[in-house]
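A closer look at the structure
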Amino acid sequence: MARNELVPAQSRSLDARPAPRGPGPLASRRRFLRFFPGGFHDPTYLDWERDYKWDAHLSWIRLLNSEEFRGLLDERAYSEIAMRAVRIESRTNLLFSFEKMAIRDAVRDKVGARAFATGLYDFVYGEERDEQKFERWCAVIASLPRRQTRVLTWPVATVFGFIALPRRHVFLKPNVTRIAARQYGYDFAYTPRPSWPTYASLLRFARIIRRDLRDLRPRDMIDIQSFIWVLGSDEY
């Protein structure tokens, strides 16, 4: 998948700004290695954090690769696309139960399924700049039918790109990521409503982590997101 680059080209200009430094990175590294002494290749790390996310990606490649996805769109099989995407995500613990329910309810509607399917293809496989695609994707999610709870949350906005292209996109859990950024010493430009500036800030945070941990050989955004989770989650 040649387009699966860890750093989108249009966000590389952010590297011109100085990366925040201080005691945070070293303390964060020590915390991660306390739980996983073998780093990103530790057997326990693979079992607890990486393998199920990678399995979801493999399912995506099998069921919603670009050729398969395009064929389903040509057949106007919007509900089938939505069902596959939701089913793939459902085998992970990335979304809260209320978010899983919200997206599932939103795509039961034929209009919602069509908007979701076409918007998701554009976001994942479209040729434009990531900024434009991400903003359009957020607008699509915001337009989906809503029953009990809002559909547009940061986890919903980022989970499908993360599963589909884990070398390009990262997943955002707001509270955990904000805690992790503070501990790391990174000034995360967070806003509650999904938008490109916050996502670009997250991508920059991911690049800084990857640079600082290059000796631990992180493979993709799955490793970076898992590191962030270990820093910010009360599970660790």
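The structure contained in this document is the topic of the report that follows. Everything numeric here is computed off the predicted structure, so don't read it as measured data. (Residues numbered from 1 in each chain as written. Predicted model: local features only at pLDDT ≥ 70, side-chain atom pairs only at ≥ 80, totals over all residues. Heavy atoms only, no water.)

Focus on the pattern of salt bridges
- Under the definition given, this model contains 15 salt bridges.
- Of the charged contacts, one joins Lys 100 and Glu 89 as a salt bridge, the two residues approaching to 2.9 Å between their closest N and O atoms. Of this pair, Lys 100 sits in helix α5 (residues 97-108) while Glu 89 sits in helix α4 (residues 78-90), and the two are 11 residues apart along the sequence.
- Its relative accessible area of 16% is what places Lys 100 among the buried residues.
- Measuring nitrogen to oxygen at the nearest pair gives 3.0 Å for the salt bridge that ties Asp 223 to Arg 219.
- Judged by its relative accessible area of 0%, Asp 223 falls in the buried class.
- Because the salt bridges share partners, they merge into one network encompassing Arg 50, Arg 219, Asp 220 and Asp 223. (Salt bridge = Lys/Arg side-chain N within 4 Å of Asp/Glu carboxyl O. Helix = DSSP H or I, 4+ residues; strand = E, 2+ residues; numbered from the N terminus. Buried < 20%, exposed > 50% of the residue type's maximum accessible area, 1.4 Å probe, protein only.)

A closer look at the layout of surface pockets
- Of the pockets and cavities examined, the largest pocket occupies roughly 280 Å³.
- If you trace the largest pocket, you find 17 residues lining it, with Phe 96, Pro 155, Lys 173, Pro 174 and Asn 175 closest to the centre.
- Every element with two or more residues in the lining of the largest pocket is listed here: α5, α8 (154-164) and α9 (174-184).
- Of the residues forming the lining of the largest pocket, the biggest block, 3 residues, is contributed by α9.
- The class makeup of the residues in the lining of the largest pocket is 9 nonpolar, 3 polar and 5 charged. (1 Å grid on protein atoms, 1.4 Å probe; cavity = no way out; pocket = protein on both sides within 12 Å on 5 of 7 lines; lining within 4 Å. Points joined across faces, edges and corners; volume = space filled by probe spheres on them. Nonpolar A, V, L, I, M, F, W, Y, C, P; charged D, E, K, R; others polar.)

Here's the deal with the packing of aromatic side chains
- Enumeration according to the criterion identifies 27 aromatic pairs in this entry.
- Summarising the aromatic geometry, the rings of Phe 32 and Phe 227 are spaced 5.2 Å apart at their centres and angled 55° between planes, so their arrangement reads as tilted. Here Phe 227 lies in helix α11 (residues 221-232) and Phe 32 lies in helix α1 (residues 24-35), a separation of 195 residues in the sequence. By the burial criterion, Phe 32 is buried, and Phe 227 matches it.
- Considering the side-chain rings of Tyr 184 and Phe 227, the 6.3 Å spacing of their centres and the 85° angle between planes classify their relative orientation as edge-to-face. With a gap of 43 residues between them, Tyr 184 in helix α9 and Phe 227 in helix α11 connect regions that are remote in the sequence. (Phe/Tyr/Trp six-rings, centres within 6.5 Å; stacked < 30°, edge-to-face > 60°.)

Remarks on helix α2 (residues 43-64)
- Of all the bends in α2, the largest measures some 55° and sits at Arg 50.
- Along α2, the residues that are buried comprise Tyr 45, Glu 49, Arg 50, Lys 53, Ala 56, His 57, Ser 59, Trp 60 and Leu 64.
- Residues of α2 that are buried sit in contact with α1, α3 (66-74), α4, α6 (110-125), α8 and α11.
- For α2, the capping residue at the N-terminal end is Asp 42, with a side-chain oxygen 2.9 Å from the backbone nitrogen of Thr 44. (Bend = angle between axes of the 7 residues up to and from the residue. Contact = heavy atoms within 4.5 Å. Polar contact = N/O pair within 3.5 Å; in protein donor to acceptor, adjacent residues only side chain to side chain.)

Details of the packing of α9 against helix α10 (residues 196-212)
- It is at 12 Å that the axes of α9 and α10 come closest, and there the two elements cross at 50°. Considering the angle they form, α9 stands oblique to α10. Considering how the two elements wind past one another, α9 and α10 form a crossing that is left-handed. Where α9 abuts α10, its residues Thr 177, Ala 180, Ala 181 and Tyr 184 lie against Leu 202, Phe 205, Ile 208, Ile 209 and Asp 212. (Axes fitted to C-alpha atoms, helices over the stretch in contact; angles between N-to-C directions. Parallel < 35°, antiparallel > 145°, perpendicular 65-115°, else oblique. Left-handed = near helix turned anticlockwise from the far one by under 90°.)

Function cannot be inferred from these measures alone, as they are strictly geometric.
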